[in-house]
Amino acid sequence: MSEEFLPPPRLSNSSPDQEVTRSSGSTSDLIIPNLSSHSDPFPVDYVSEDSSSLQSFADRRDETDPDYEPPQESASNSSKPRVTVSTYLPSSAGMESQARAFTALFGVLHKNGIVEKKYVVPRSRLESSFRRDGHRRIEDLANRCPEAIFFDGKEDKNIRLSFKDPTTGKMVHSNGKRSHYSVVEQPSAVPLGMFVPERSTGQGIALGLYLYLEKRKISLQNLRCIGGDNTSANSGYQGGAFREFELLLGRPLQRSLCILHQVELPLRQLYIHYGGGTQAPGTFTGPLGDLIMSSSIWTKPIRVYKTIGKDFPRLDKKTLDNMSDDASLMYKYCIAVETGIHDNFVYRKISNCSTARWITFGTRILRIYLTEGIALNAHATECLERLVSFIVNVYYKVFANVKYKSSLIDAPSHLYDQIRLTKENCQPSEQQVVFKSIQINSYMAHPEAIIIAMLGDKKKEVRQKAVMIIKTVLASEAYVRHIENESGVRRLKKVRQYIKPMINFSCRSYHELVRTKYQKVKGPDNPPKKLVYQTYNNEWEPVTIPPLIRDMTITELERFHIKPMEIKIPCHSQTVEHTVALVSQATQRRRTEDTQLMNVLQVSSARKNFKGKVTHRRFAETENSENAQLPLKKSKLRLEDSDFNRVLYK
């Protein structure tokens, strides 16, 4: 959409500082190389992509115009700086408000002497620019060739629906509910869109995803991994969405199931173990239910409390910046519980609880523990102290490790850390509850995930052991394939069944999470041994090669003896959940599928370009080009207030 606001450059006498650049994000880049050469940064005609057709707006104006000023020749070494104005326009604001924001921004630039006069930005120009930029982004989806695809769904209510009546042929507008599934490319975290499956079963979701990618002409040639939540509709080894999508492709894919869900579910089960529970989203029962749902618990005074916890990790600024406000607040509470030192953050408002993410639940539990004047019986006091101990010593430690090391390679080690910390800090009855929850969601302890983790291990002997396991599996698969080809009975399945394993809770490292053994292969000529693992239903299934490395040769695998494997695919699905929130907002404000997709792509790209937390009050900023000196106190500006008539320096 940036072409709509670019002043056309002078082709004959333009300096290097006057080159027009276009942003790939959802921001509008206003390049003002030398405003004395252009009387209006908003040309009437659309800027063509063909540079030979570009002409200065000042040259196209009628010389009879009383305000006409002839263009001035600019020197190659102009002393005036180039100003780049990157503007984020959130979907919550209307076009009229956004136009006022642009107009106010140019007023600031005029006040500081960067532009010669104020400009009024018309609403129609913004609308056409956003529309043109959105269509271009949708067309660019056809050029994507993702390495990994993550998806997640949510049922949106009271959304705007538009469809054509088959009898009358007219467009009908109504409100209703619909389940939208958001698709994100990894590791680039680029939204690919959303689709609505005909059925919410695993087969229906897989078919809807496959047809949507085919509709957008997104290539699946390099696709090697698929990820999402660890629900049975996705991860079931018979009829799950992952399994059905693999059958549609005709080849297996690496699984990346969200490890953060694995970390949170034991906390929920432990709360139920102490008599608590949930009745509706955000509604808790039990001895602490009313206090957890309190709307003013953070306003209570702090008591003198007993410290709980030891060896709590200290996170660096980069890791904290990548966390949400709720996660950062819980980190401060954990430090306060361990050290006994707190600050004014204990009086900050805590977000409402959600059964989809238990981070605010843990924060409220910690705040209740610090609060003075709460009368609890013996059972409720014990429940509170045990939950605080689990949150500080187990839950948040693993949560912070996942945020710090979020690669798919680190998933089995996070699972092992959760088991180890549970043994060290939980009572035997609590261990049974936590281990049962871990066993139900033991997908990232699958041998395929463990082999990938071993190839990326820092220890050379672990990587060598992984290569040896791969050679053993390849030898047994080749022998079985050879016997089947000669007998003509059946061929080896192209798509294996991804059955979750039985976890070995007495393990001493992550590569011992699963019990394995060697079995003899039936056949002549001294057949090789087959490596099998124990499944959750106490059966034995053959170990298979991870799809991420299935196409590698032995020579390429042996290179991991020297250098560990590196994978940027994440082991959690938080990026997809952010996209799900954007899709929910877009369905509330847009009616057609294309306009909803435009909004999602533009807002997501704008948030990445700002590289920070974007709020509805942050609308515009100016940046220096190279070492140019601007006549401003600071190089960044921010427009605030609903009327956008007050400008504050950031």
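Residues numbered from 1 in each chain as written. Predicted model: local features only at pLDDT ≥ 70, side-chain atom pairs only at ≥ 80, totals over all residues. Heavy atoms only, no water.

Undergrad: So what about the overall build of the protein chain? Which residues, and what values?
TA: The secondary structure content of the protein chain amounts to 19 helices and 15 strands. A buried classification covers 51% of the 650 residues belonging to the protein chain. Considering only residue pairs separated by 6 or more positions, the protein chain has 70% of its internal contacts joining residues 24 or more positions apart. Accessible surface for the protein chain amounts to roughly 31500 Å². Of this, 48% is attributable to carbon and sulfur atoms. (Helix = DSSP H or I, 4+ residues; strand = E, 2+ residues; numbered from the N terminus. Buried < 20%, exposed > 50% of the residue type's maximum accessible area, 1.4 Å probe, protein only. Contact = heavy atoms within 4.5 Å. Areas by Shrake-Rupley, 256 points an atom, 1.4 Å probe, with all protein chains shown as cover.)

Undergrad: Give a detailed account of the packing of aromatic side chains, specifying residues and quantitative values.
TA: For the structure on display, the rule yields 17 aromatic pairs. Where Phe284 meets Trp358, the ring centres are 5.6 Å apart and the plane angle is 85 degrees; that geometry is what we call edge-to-face. With a gap of 74 residues between them, Phe284 in strand S9 (residues 283-285) and Trp358 in the loop between helix H10 (325-339) and helix H11 (359-370) connect regions that are remote in the sequence. Each member of the pair, Phe284 together with Trp358, is buried. Note that Arg303 overlies the ring of Tyr369, its terminal NZ or CZ placed 4.9 Å from the centroid. Stacked on the ring of Trp540, the Lys or Arg Lys517 has its end atom at 4.3 Å from the ring centre. (Phe/Tyr/Trp six-rings, centres within 6.5 Å; stacked < 30°, edge-to-face > 60°. Lys NZ or Arg CZ within 6 Å of the ring centre and 35° of its normal.)

Undergrad: Let's hear about H11: which residues, and what values?
TA: For H11, with 12 residues, the first-to-last C-alpha span of 17 Å sits near the 16 Å given by 1.5 Å per residue. In terms of residue burial, H11 counts as a mostly covered element, since 12 of its 12 residues are buried. Residues of H11 that are buried include every one of Ile359, Thr360, Phe361, Gly362, Thr363, Arg364, Ile365, Leu366, Arg367, Ile368, Tyr369 and Leu370, and no others. Buried residues along H11 sit in contact with helix H7 (259-273), S9, helix H8 (289-292), H10 and helix H12 (378-404). (Expected span 1.5 Å × (residues − 1).)

Undergrad: Summarise a nonpolar patch on the surface; cite the residues concerned and give the values.
TA: Together, Leu207, Leu211 and Leu248 line one region of the surface with nonpolar side chains, adding up to about 250 Å² of accessible area. Within the secondary structure, Leu211 is located in helix H4 (residues 202-215). What makes Leu211 partly exposed here is its relative accessible area of 45%. (Patch = residues over 30% accessible without salt bridge, like charges linked within 9 Å, V, L, I, M, F, W, Y side chains within 5 Å. Salt bridge = Lys/Arg side-chain N within 4 Å of Asp/Glu carboxyl O.)

Undergrad: So what about H7? Which residues, and what values?
TA: Here H7 contains 15 residues, and its C-alpha end-to-end distance of 22 Å stays within 8% of the 21 Å for a straight helix at 1.5 Å per residue. Inspection of H7 places Ile259, Leu260, His261, Gln262, Val263, Glu264, Pro266, Leu267, Leu270 and Tyr271 among the buried residues, and these make up the whole buried set.

Undergrad: Describe in detail the pattern of salt bridges, supporting the description with residues and values.
TA: According to the stated counting rule, one finds 14 salt bridges in the structure shown. A salt bridge links Glu185 to Arg144; the nearest nitrogen and oxygen atoms lie 2.8 Å apart. Of the two residues, Glu185 sits in strand S4 (residues 171-186) while Arg144 sits in the loop between helix H3 (123-140) and strand S3 (148-164), which places them 41 residues apart along the sequence. Judged by its relative accessible area of 8%, Glu185 is buried. Here Asp594 makes a salt bridge to Arg216, at a shortest N to O gap of 3.4 Å.

Undergrad: Break down the sheet that holds strand S10 (residues 516-520) for me, citing the residues and quoting the values.
TA: Taking strand neighbours across the sheet as the criterion, the three strands line up as S10-S11-S12 in an open arrangement whose pairing is antiparallel. Of all the strands in the sheet, the pair left with one neighbour each is S10 and strand S12 (540-542). When strand polarity is set aside, the average angle formed by the axes of neighbouring strands in this sheet is 45 degrees. Here strand S11 (residues 529-534) runs beside S12; their pairing, made up of three bridges, is antiparallel. Its bridge partner lying in S12, Val532 is registered against Pro542. (Pairing = 2+ DSSP bridges. Axes fitted to C-alpha atoms, helices over the stretch in contact; angles between N-to-C directions.)

Undergrad: Tell me about the packing of H11 against H12, residues and numbers included.
TA: Packing of H11 against H12 leaves a shortest axis separation of 10 Å and a crossing angle of 135 degrees. Compared by their axis directions, H11 and H12 come out oblique. In this structure, the crossing between H11 and H12 has a hand that is left-handed. Contacts between H11 and H12 involve Ile359, Gly362, Ile365, Leu366, Ile368 and Tyr369 from the former and Leu384, Glu385, Leu387, Val388, Ile391, Val392, Tyr395, Tyr396 and Phe399 from the latter. Looking at side-chain class alone, the contact of H11 with H12 contains 13 nonpolar, one polar and one charged residues. (Parallel < 35°, antiparallel > 145°, perpendicular 65-115°, else oblique. Left-handed = near helix turned anticlockwise from the far one by under 90°. Nonpolar A, V, L, I, M, F, W, Y, C, P; charged D, E, K, R; others polar.)

Undergrad: So, the packing of H10 against H12: which residues are in play, and what are the values?
TA: Packed helices, taken two at a time, are described by their axes: the angle between them and the distance between them. Where H10 meets H12, the closest approach of the two axes is 11 Å, and the angle between their N-to-C directions is 130 degrees. Here H12 runs oblique to H10, going by the angle between their axes. Regarding H10 and H12, the two cross each other, and that crossing is left-handed. Two secondary-structure elements touch here, H10 through Ala327, Met330, Tyr331, Cys334 and Val337 and H12 through Val388, Ile391, Val392, Tyr395, Tyr396 and Phe399. The class makeup of the residues in the contact of H10 with H12 is 11 nonpolar, no polar and no charged.

Undergrad: Give me the lowdown on the nonpolar core, citing residues and values where you can.
TA: What tends to happen in soluble globular proteins is that the nonpolar side chains get buried as a cluster. If you look at the biggest cluster of nonpolar residues, it comprises 139 residues, and the most contacted ones within it are Phe245, Tyr395, Tyr396, Leu513 and Ile549. With 15 residues, the single largest contributor to this core is H12. The residues contacting Ile549, other than those within four sequence positions of it, are Ile451, Ile452, Leu455, Ile470, Leu557 and Met565. (Core = buried A, V, L, I, M, F, W, Y, C linked by side-chain atoms within 4.5 Å.)

Undergrad: Kindly report on the environment of Arg367, identifying the contributing residues and their values.
TA: Within the fold, Arg367 resides in helix H11. When its relative accessible area of 0% is taken as the criterion, Arg367 is described as buried. Linking Arg367 and Tyr333, residues 34 residues apart in sequence, is a C-alpha distance of 7.5 Å. Ignoring sequence-local partners within four residues, the contact set of Arg367 consists of Ile297, Trp298, Thr299, Lys300, Pro301, Ile302, Tyr333, Val346, Tyr347 and Ile350.

Undergrad: So what about the confidence of the model for the protein chain? Which residues, and what values?
TA: Averaged over every residue, the pLDDT of the protein chain is 75; the share at 70 or more is 70%. When mean pLDDT is taken per element in the protein chain, helix H15 (residues 447-455) scores highest with 94 and strand S15 (residues 646-649) scores lowest with 30. Of the regions scoring below 50 in pLDDT, residues 73-93 engages in 78 contacts with residues more than four places distant in sequence or in other chains. This model gives residues 611-650 a pLDDT under 50, and the stretch forms 87 contacts once residues within four places in sequence are excluded. (pLDDT = per-residue confidence, 0-100.)

Undergrad: Help me get a handle on unusual backbone geometry, residues and values and all.
TA: Of note, the bond from Gln186 into Pro187 is cis; its omega dihedral lies within 30 degrees of zero at 5 degrees. Along the chain, Pro187 turns up in the loop between S4 and strand S5 (190-195). A positive phi is found at Ala189, a non-glycine position, where the angle reads about 60 degrees. With respect to the helices, strands and loops of the structure, Ala189 is situated in the loop between S4 and S5. A residue is classified by how much of its surface remains accessible, and Ala189, at 17% relative accessible area, is buried. Look at Lys217: it is not a glycine, yet its phi comes out positive at around 60 degrees. Mapped onto the fold, Lys217 is located in the loop between H4 and strand S6 (225-228). Under the relative-accessibility criterion, Lys217 is labelled exposed at 64%.

Undergrad: Pulling in residues and values, what's your account of the environment of Asn504?
TA: Relative to the helices and strands, Asn504 resides in the loop between helix H16 (460-487) and S10. Remark: the alpha-carbon pair of Asn504 and Ile419, spanning 85 residues in sequence, is separated by 10.0 Å. Not counting residues within four places of it along the chain, the set of residues in contact with Asn504 comprises Glu512, Leu513 and Arg515. Engagement of the side chain of Asn504 in a polar contact is seen with the side chain of Ser506, the distance being 2.7 Å. Here the side chain of Asn504 touches Glu512 through a polar contact of 3.3 Å, landing on its backbone oxygen. (Polar contact = N/O pair within 3.5 Å; in protein donor to acceptor, adjacent residues only side chain to side chain.)

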